Amino acid sequence: MRKIAWKVATLGIACFGAWLGPLAQDAPKPAYLDPSLPAEQRAADLVERMTLEEKASQLVNQARAVPRLNIPAYDWWSESLHGVAVNGTTEFPEPIGLGATFDVPAIHQMAIVIGTEGRIKHAQAVRAGHSDIFEGLDFWAPNINIFRDPRWGRGQETYGEDPFLTARMGVAFVTGMQGDDPRYYRVISTPKHFAVHSGPEPTRHTADVPASKHDELDTYLPAFRATVTEAKAGSVMCAYNSINGQPACANEFLLQDQLRGWWGFQGYVVSDCGAVLDIHNGHKFNATQAESSAISLKRGMDNECVDFTTKIKDDRDYRPYLDAVKQGYLQESDIDRAVIRLFTARMKLGMFDPPEMVPYSTIDEKLLDSAGHRAMARKLGNESMVLLKNDGVLPLKNSGIKIAVVGPLAQQTKVLLGNYNGSPSHTVSILDGIRAEFTKATINYVPGTQFLNHDTAAPAPATQQAAIDAAKAADVVIAVVGITSDLEGEEMPVSQPGFKGGDRTSIDLPKPEEDLLEAVAATGKPLVVVLTNGSALGVNWAKEHANAILDAWYPGEEGGAAVSETLSGKNNPAGRLPVTFYKDVSQLPPFESYAMKGRTYRYFEGDPLYPFGYGLSYSTFSYGGLSGPGEAIQAGDPAAFDVMVTNTGSKAGDEVAQLYLEFPKVAGAPLRALRGFQRVHLEAGASQKLHFELQARDLSMVTEEGEPIVAEGAYAVSVGGGQPQSGVQVVKATFTIKGRLILPE
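An account of the accompanying structure is given in this report. (Residues numbered from 1 in each chain as written. Predicted model: local features only at pLDDT ≥ 70, side-chain atom pairs only at ≥ 80, totals over all residues. Heavy atoms only, no water.)

1. Overview of the overall build of the protein chain
Which entries qualify depends on this criterion: Runs of H or I in DSSP of at least four residues are treated as helices and runs of E of at least two as strands, each being numbered from the N terminus. Both definitions apply: the radius of gyration is a C-alpha atom measure, and the globule rule equals 2.2 Å times residues to the power 0.38. Each residue's exposure class comes from its accessible area (1.4 Å probe, protein chains only) as a fraction of the maximum for that residue type: buried when under 20%, exposed when over 50%, partly exposed otherwise. We call two residues contacting when some pair of their heavy atoms lies within 4.5 Å. Working definition of accessibility: Shrake-Rupley area with a 1.4 Å probe, residue cover restricted to the visible protein chains. Under the counting rule used here, the positive set is Lys and Arg, the negative set is Asp and Glu, and His together with the chain ends is not counted. Where a charge lies is defined by one atom per residue type, namely NZ (Lys), CZ (Arg), CG (Asp) and CD (Glu).
Of regular secondary structure, the protein chain possesses 20 helices and 28 strands. Its C-alpha atoms give the protein chain a radius of gyration of 27 Å, near enough to 27 Å, the size a compact globule of 745 residues would have. Every one of the 745 residues in the protein chain was classed for burial, and the buried ones make up 63%. Considering only intrachain contacts with a sequence separation of at least 6, the fraction spanning at least 24 residues in the protein chain is 76%. A total of about 26,700 Å² of accessible surface is found on the protein chain, and carbon and sulfur atoms cover 53% of it. Side chains of the protein chain give 68 positive and 88 negative charges; the mean places of these two sets differ by 2 Å.

Written out as structure tokens, the structure reads:
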């Protein structure tokens, strides 16, 4: 018997250990180790060799090692919302600020940098003998949910309120992250949270969101559709909440009808962390966890995020899938299907191939946190700046002026990094940026309030009397005020007035900061307000009384430099609001309602404080010569438009040309919709001809019944530096479409 056992063991090593040593050298290579075969075929071969428990152990984010098949352990959970979320990486502006850039090529280049740094960090971890949480090659970003309501705390993670803008940014991010190699991913990018997910935070584990098919296809799904059908995202994350009676991670309409049906998604679906547990515990959708885990897997969820930072040593995380098989809720073939998808992804990441075959395995590690990457962080920080008001006080001169800087946020760096961030090796505070930029000025910093003043050892007095004295002695006051990701963010306890559980109950500037602004303004000195925020702020008083307002968002590791360069004029601001700034919450529908009526610039009929797409410059631009279809076009045909934009000012700068479409009078059509934009740089006096090509989907709308169509009738198009009727110069034209075309969902 001992001889038989020895022979069986030797045979096992020879069959399954093709590159384990001398015993395996003459054995045929198993298909899953053959790089010449398609990734899915290799994955299927590997899964066929695994036991039921081995397969089940792959269904959670802490996927277990299978030593006999040379499968290493792997944690699927890594984050890269605006930089790889670990130490020593480059941190770009929070996505709401990235949305304000309206710069698709720059987002694509940024994503290449993030994916490159992710590869380097993974290689370093593997070399050190581990691949733990946040050390993998599957990154759970971008967040392409629609920022439908400014009270949502996680809206800062998104590109704003517009489906078209969000789709273009999302596609640029995914393609930049994943790379363009035909066989291998640089990393895998995971658009989230699929879908119809935007607060409130405290009820996300139990809420059932009613959403019309119109609102789903018109607002909540287009960006996901684009990142799947155009960018070929390798994975998608399903959300916590239920939609129309079914949890997102077990939702037939989302996962089967749309994602894998109409869109033909071939990748894997990962759950938000704990979302599969919520199916049973929060939504009470099934009687047991085994049933809930089974229905989620059967409807298209492949990898359950359920393990956090503690290494799980037993089977409690994947045990519900084994129980579901034993109890008849799952077939083993259901598990096979999910695990094949997961190993297909790992094959395409090059995890089972010789490193020399994988182009992304030879990245120069000197690129990590490099000077070039830092320069890109500054570029995007500069591009994200939105100038909301300027009576001529800006740009400030770098001369012998006296500058009073007030507000505790001026000297902080954490606020610049937003949330879901890594820890860069160095970060420039706004105060440090001002000191570095205005070298010939006298700068006096006074916090002026204890609100958000975390530096208890600060030598500067944090009283409003002190701020007034500093203002009186200054030529100009720069007040850095706003909110932080400690006040707005993912489900968390917050005790400040106006905030609840990560969300906001008021969009007003917090009262201590409003009081500070009013106090320093009463001195009569010019007041420049710099805002830090991840969502719209109802800065009504500042709009009326401040001399200038600059929205800096959460601008990343180079944020202080970006703010100061904008104040000095070295950076000519051209950012545009990716969200509507309402006057107050009285202009908003109930937060809990996901109906789009009355929400965002597309359906809001009131007078906002600042409109979507708004932003000023230190230069001026004019538009002319708009040309479009000379005669009626058939439904389904593209429509092309050309326009000339000219920098009529004395300073070089960027302009964001925005094309808006108004539709025939068909129930379900928005008031207007962004359907094209380009950010261009123009020297003073220079002109450039811009071309916009609108395809059938760009020309489409969704009917009240939820049918995507190209409608028959008269259309109006406007092109300019913002929305029509928003106070900026635009040029307009009309055209006609003949016939009616129903588009695929």
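2. Let's talk about the sheet that holds strand 26 (residues 713–720)
Convention followed: Pairs of strands are assigned from DSSP output, requiring at least two bridges between the strands.
With mixed pairing, the five strands of this open sheet are ordered in space as 19-27-26-21-22. If you trace the sheet from one side to the other, it starts and ends with strand 19 (633–634) and strand 22 (673–682), each paired once. Note: strand 21 (residues 653–662) against strand 26, five bridges, orientation antiparallel. Bridge pairing links Tyr-660 to Ser-718 in strand 26.

3. Regarding the sheet that holds strand 10 (residues 386–390)
Let me state the cut-off plainly: Fitted lines through C-alpha atoms serve as axes, helices being fitted only where they are in contact, and the angles separating the N-to-C directions of these axes extend from 0 to 180 degrees.
An order of 10-17-16-13-11-12 is seen for the six strands of this open sheet, with the pairing classed as mixed. One side of each edge strand has no neighbouring strand; the edge strands of this open sheet are strand 10 and strand 12 (442–446). Between one strand axis and the next, the sheet turns by 15 degrees as a mean value, whatever way the strands run. One ladder, built from four bridges, connects strand 10 with strand 17 (residues 548–551); its direction is antiparallel.

4. Observations concerning the side chain of Asp-162
How we decide: What qualifies as a polar contact is a pair of N or O atoms within 3.5 Å, subject to a donor-acceptor requirement within protein and to the restriction that residues adjacent in sequence count only when both atoms come from side chains.
Topologically, Asp-162 is positioned in the loop between strand 3 (138–139) and helix 6 (163–178). In this structure the side chain of Asp-162 is engaged in a polar contact, spanning 2.7 Å, whose partner is the side chain of Tyr-601. What Asp-162 contacts, discounting residues up to four positions off in sequence, is Ile-146, Pro-578, Tyr-601, Arg-602, Phe-612 and Leu-674.

5. Some remarks on the state of the cysteines
Applicable threshold: Pairs of cysteine sulfur atoms within 2.5 Å are what we label disulfides.
On inspection of all chains with the given rule, the structure shows two disulfides. Two residues, Cys-238 and Cys-249, share a disulfide whose sulfurs are 2.1 Å apart. The S-S bond linking Cys-238 to Cys-249 shows a torsion near 105 degrees; that makes this disulfide right-handed. With Cys-238 in strand 6 (residues 235–238) and Cys-249 in the loop between strand 8 (246–247) and helix 9 (252–262), this pair connects stretches of sequence that are eleven residues apart.

6. What to know about the layout of surface pockets
Empty space among the atoms can be located by rolling a probe the size of a water molecule over them. Applied cut-off: Buriedness for pockets is judged along seven lines, at least five of which must meet protein on both sides within 12 Å for an open set on the 1 Å grid over protein atoms alone, while cavities are sets there where a 1.4 Å probe fits but cannot get out, and lining residues have an atom within 4 Å of a point. Grid points are joined across faces, edges and corners, and a volume is the space filled by probe spheres set on the points. Just so you know the grouping, Ala, Val, Leu, Ile, Met, Phe, Trp, Tyr, Cys and Pro go in nonpolar, Asp, Glu, Lys and Arg go in charged, and all remaining residues, Gly too, go in polar.
Here the largest pocket is characterised by a volume of approximately 710 Å³. For the lining of the largest pocket, the elements supplying multiple residues, two or more each, are helix 5 (104–127), helix 6, helix 7 (213–220), helix 8 (222–229), strand 22, strand 23 (687–694) and strand 24 (701–702). With six residues, the single largest contributor to the lining of the largest pocket is strand 22. Its residues assigned to classes, the lining of the largest pocket shows 18 nonpolar, four polar and 13 charged.

7. With respect to the environment of Asn-303
As for its position among the elements, Asn-303 is in the loop between helix 11 (289–298) and helix 12 (319–326). For Asn-303, a relative accessible area of 0% corresponds to the buried category. Setting aside residues up to four positions removed in sequence, Asn-303 forms contacts with Gln-58, Leu-59, Val-60, Asn-61, Trp-76, Val-269, Val-270, Ser-271 and Leu-342.

8. With respect to the packing of helix 6 against helix 8
What counts here: Under this scheme an angle from 65 to 115 degrees is roughly perpendicular, one under 35 degrees roughly parallel, and one over 145 degrees roughly antiparallel; angles in between are oblique. Crossing handedness follows the turn of the near helix against the far one: under a right angle anticlockwise gives a left-handed crossing, and clockwise gives a right-handed one.
Between helix 6 and helix 8, the shortest axis-to-axis distance is 8 Å and the interhelical angle comes to 30 degrees. In this view, helix 6 runs roughly parallel relative to helix 8, as classed from their interaxial angle. The handedness of the crossing between helix 6 and helix 8 comes out as right-handed. Judged by residue contacts, Pro-163, Thr-166, Ala-167, Arg-168, Gly-170, Val-171 and Val-174 of helix 6 engage Pro-222, Ala-223, Ala-226 and Thr-227 from helix 8. Along the lines of polarity and charge, the residues of the contact of helix 6 with helix 8 split into seven nonpolar, three polar and one charged.

9. Regarding unusual backbone geometry
A cis geometry characterises the amide bond from Ala-141 onward to Pro-142, with omega recorded as 10 degrees. As for its placement among the helices and strands, Pro-142 is situated in the loop between strand 3 and helix 6. Residue His-193 is bonded to the preceding Lys-192 through a cis peptide linkage, with omega at -10 degrees. Phi at Lys-232 is positive, roughly 60 degrees, even though this residue is not glycine. Topologically, Lys-232 is positioned in the loop between helix 8 and strand 6.

10. Here we look at the pattern of salt bridges
For side chains bearing opposite charge, pairing can occur when the charged atoms are close. As a reminder of what qualifies: Any Lys or Arg side-chain nitrogen located within 4 Å of an Asp or Glu carboxyl oxygen qualifies as a salt bridge.
All chains considered together, the criterion is met by 39 salt bridges. Residue Arg-68 is joined to Glu-54 by a salt bridge in which the shortest nitrogen-to-oxygen separation is 2.9 Å. With a gap of 14 residues between them, Arg-68 in the loop between strand 1 (62–63) and strand 2 (74–75) and Glu-54 in helix 3 (residues 52–56) connect regions that are remote in the sequence. Here Arg-68 falls in the partly exposed class, since its relative accessible area comes to 36%. On the accessibility criterion, Glu-54 (16% relative accessible area) is buried. The salt bridge partner of Glu-565 is Arg-378, with a shortest N-O separation of 2.9 Å. Pair noted here: Glu-565 is in helix 19 (residues 559–568) and Arg-378 is in helix 14 (residues 371–384), with a separation of 187 residues, a long-range link. With relative accessibility at 8%, the residue Glu-565 sits in the buried group. Here the salt bridges do not stand alone but share partners, grouping Arg-154, Glu-157, Glu-201, Arg-204, Glu-490 and Glu-491 into one network.

11. Concerning the packing of aromatic side chains
This is how it is decided: Any pair of Phe, Tyr and Trp rings, taking the six-membered ring for Trp, is counted once the centres come within 6.5 Å. Such a pair is stacked with planes under 30 degrees apart, edge-to-face with planes over 60 apart, and tilted for the rest.
Within the structure shown, the criterion is met by 23 aromatic pairs. Consider the rings of Tyr-32 and Phe-352, whose centres lie 6.5 Å apart with planes at 80 degrees: the pair is edge-to-face. One end of the pair, Tyr-32, is in the loop between helix 1 (2–16) and helix 2 (39–48); the other, Phe-352, is in the loop between helix 13 (332–348) and helix 14, with 320 residues separating them in the sequence. Like Tyr-32, the residue Phe-352 is buried in the burial classification. Seen in terms of ring centroids, Tyr-220 and Tyr-594 are 5.8 Å apart; in terms of plane orientation they differ by 50 degrees. Their pairing is tilted.

12. A short note on empty space enclosed by the protein
Applying the stated criterion across every chain, the model contains two cavities of 30 Å³ or more. One number sums up the size of the largest cavity: a volume of about 60 Å³. Grouping the constituent residues of the lining of the largest cavity by class yields five nonpolar, two polar and three charged. Considered as a void within the structure, the second largest cavity measures approximately 40 Å³ in volume. Surrounding the second largest cavity, His-197, Ser-198, Gly-199, Pro-200, Thr-203, Arg-204, Ala-207, Val-209, Asn-241 and Tyr-594 form its lining.

13. A word on the pairing of strand 26
Most of strand 26 is tucked away, with six of its eight residues classed as buried. Examined bridge by bridge, strand 26 and strand 27 (residues 730–738) share eight bridges and lie antiparallel to one another. Following the sheet pairing, Val-717 is matched in strand 27 by Ala-733.

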